[in-house]
Amino acid sequence: MSVAVITGASGGIGREFALKLSALPEIDEVWLIARNTARLEELASKLNVRSRVITADLSVSEGIESYRAALNEYKPEIKFLVNAAGFGVFGSFDMLSEKTVSDMIDVNVKATVLLTHMSIPFMPRGGRIIQLGSGSCFTPLPHFNIYSSSKVFVLHYTKSLNFELKEHGIRATCFCPGWVDTEFLPKSLEAPGAYVPKKMSPLNKADRVVAGCIKASLRGKAMYVTNWFTKLQHLLFKLTPDPILTRIWLGMLKKNDVEKPQEADK
């Protein structure tokens, strides 16, 4: 039985991966992992394959261990692992609490690595791993430092892992979209007084970029960058010194005037 495992499946990009992967003929079962049970069950009801809902907060060890327990109990054959769980908050170093910083690192980095490490022994040749990177991982981004830095780790980790797994017939792809029209964006912008982008464009549709990423993964690509605009950014970031890029980025920011802080969902 071929299984697709998706973290962060309760919304946004994770939800789109669940919808797209469940439609593949080689997938017999989908594992949906996130904190919100009701939303996972609602998604499961829309899929045409068997679904397993795993409610887990991946910012804590108990959530990670619940996935390990499910692996040991059911011993699935994992065709796809998609680590789409993650969150980000705009804000300078003195605005973010230690808990917010720790949770961002734990979900975006620690959970990604540990769930991948647990899953690989259950993956046959032809297995595919998709890690959610970001267009923000190509250059230093003040006021979005922790999130963007965590995605730099994901990019380098995935590229290296892709090389290591080639001999086993498994490939890993880092998915680096630009701005995507999901609930992640408004939630990441809600810290009062933080410097946030004046404009987020072009805004990509989640279903289109996810479909493109699945195709890139099946081709064995180590990195998938969406649309011409983000690809052009990636090229310019390679050619332009970081200090210049930083000045350009700072010029694109404005001070947020919202009243109440709220973290993005995991």
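Throughout what follows, the structure given in this document is the object of discussion. These numbers come from a predicted model, not from an experiment. The numbering scheme is per chain: residues are counted from 1 as the chain's sequence reads. Whole-chain, interface and lining totals are the exception, using all residues; otherwise, since this is a predicted model, local features are given only for residues with pLDDT of at least 70 and side-chain atom pairs are given and counted only at 80 or more. Derived side-chain values reflect all non-hydrogen atoms in the structure, with water molecules and hydrogen atoms excluded from consideration.

### Concerning the overall build of the protein
The helix and strand inventory of the protein stands at nine helices and nine strands. Values of the radius of gyration come from C-alpha atoms, whereas the globule rule sets the reference at 2.2 Å times the count of residues to the power 0.38. Radius of gyration (C-alpha) of the protein: 18 Å, near the 18 Å computed for a compact globule of 266 residues. With 266 residues in all, the protein has 52% of them scored as buried. In what follows, residue pairs with any heavy atoms lying within 4.5 Å of each other are defined as contacts. A separation of at least 24 residues holds for 73% of the contacts in the protein among residues at least 6 apart in sequence. Each accessible area is a Shrake-Rupley result for a 1.4 Å probe, and residues are judged covered by the shown protein chains and nothing else. Carbon and sulfur atoms make up 55% of the accessible area of the protein, which totals about 12,500 Å². Across the protein, the centroid of the 33 positively charged side chains sits 8 Å from that of the 26 negatively charged ones. Secondary structure elements are defined from DSSP: runs of H or I of at least 4 residues count as helices, runs of E of at least 2 residues count as strands, and each element is numbered from the N terminus. A simple rule labels every residue: compare its accessible area, found with a 1.4 Å probe on the protein chains alone, to the largest value its type can have, and call it buried under 20%, exposed over 50%, or partly exposed in between. We treat Lys and Arg as the positive residues and Asp and Glu as the negative residues; His and chain ends play no part in the count. For this purpose, a charge sits on NZ of Lys, CZ of Arg, CG of Asp or CD of Glu.

### What to know about the sheet that holds strand 6 (residues 171-176)
Taken in spatial order, the seven strands make up an open sheet running 3-2-1-4-5-6-8, and their pairing is parallel. On the outer flanks of this sheet lie strand 3 (50-55) and strand 8 (223-225), each paired with one strand and no other. Averaged over all adjacent pairs, the angle separating strand axes in this sheet is 20°, with direction ignored. Each pair of strands is called paired provided DSSP finds at least two bridges between the two strands. Sheet analysis places strand 2 (residues 29-34) next to strand 3, joined by six bridges and oriented parallel. Bridge assignment links Val-30 to a residue of strand 3, and that residue is Ser-51. Where helix 1 (residues 12-22) meets the sheet, its contacts fall on strand 1 (2-7), strand 2, strand 4 (77-83), strand 5 (128-132) and strand 6, and the angle it forms with strand 1 comes to roughly 170°. Here, axes are lines fitted to C-alpha atoms. For helices the fit covers the stretch in contact, and angles between N-to-C directions go from 0 to 180 degrees. Contacting strand 5, strand 6 and strand 8, helix 5 (residues 145-165) crosses the sheet at an angle of about 155° to strand 6.

### Observations concerning a nonpolar patch on the surface
A surface patch of nonpolar side chains, about 560 Å² in accessible area, is lined by Trp-228, Leu-232, Leu-235, Leu-236 and Leu-239. Inspection of the secondary structure assignment puts Trp-228 in helix 8 (residues 228-239). Like charges within 9 Å and nonpolar side chains (Val, Leu, Ile, Met, Phe, Trp, Tyr) within 5 Å are joined into patches, using only residues over 30% in relative accessible area that form no salt bridge. What makes a salt bridge here is a side-chain nitrogen of Lys or Arg within 4 Å of a carboxyl oxygen of Asp or Glu, nothing more.

### Digging into the packing of aromatic side chains
Classification of ring pairs rests on two measures: the distance between centres of Phe, Tyr or Trp rings, Trp counted by its six-membered ring, which must be within 6.5 Å, and the angle between planes, read as stacked under 30 degrees, edge-to-face over 60 and tilted in between. For the coordinates displayed, the defined rule picks out ten aromatic pairs. Plain terms: the ring middles of Tyr-147 and Phe-184 are 5.5 Å apart, the flat faces sit at 45° to each other, and that makes the pair tilted. Here Tyr-147 is found in helix 5, whereas its partner Phe-184 is found in helix 6 (residues 184-188), with 37 residues between them in sequence. For Tyr-147, a relative accessible area of 8% translates into the label buried. Through a chain of ring-to-ring contacts, the aromatic side chains of Phe-90, Phe-144, Tyr-147 and Phe-184 assemble into a single cluster. Two conditions define a charge sitting above a ring: the NZ of Lys or the CZ of Arg must be within 6 Å of the ring centre, and it must be within 35 degrees of the ring normal. Lying over the aromatic face of Tyr-74, Arg-52 brings its terminal NZ or CZ to 3.7 Å of the ring centre.

Remember, this is a structural readout, not a statement about activity or role.
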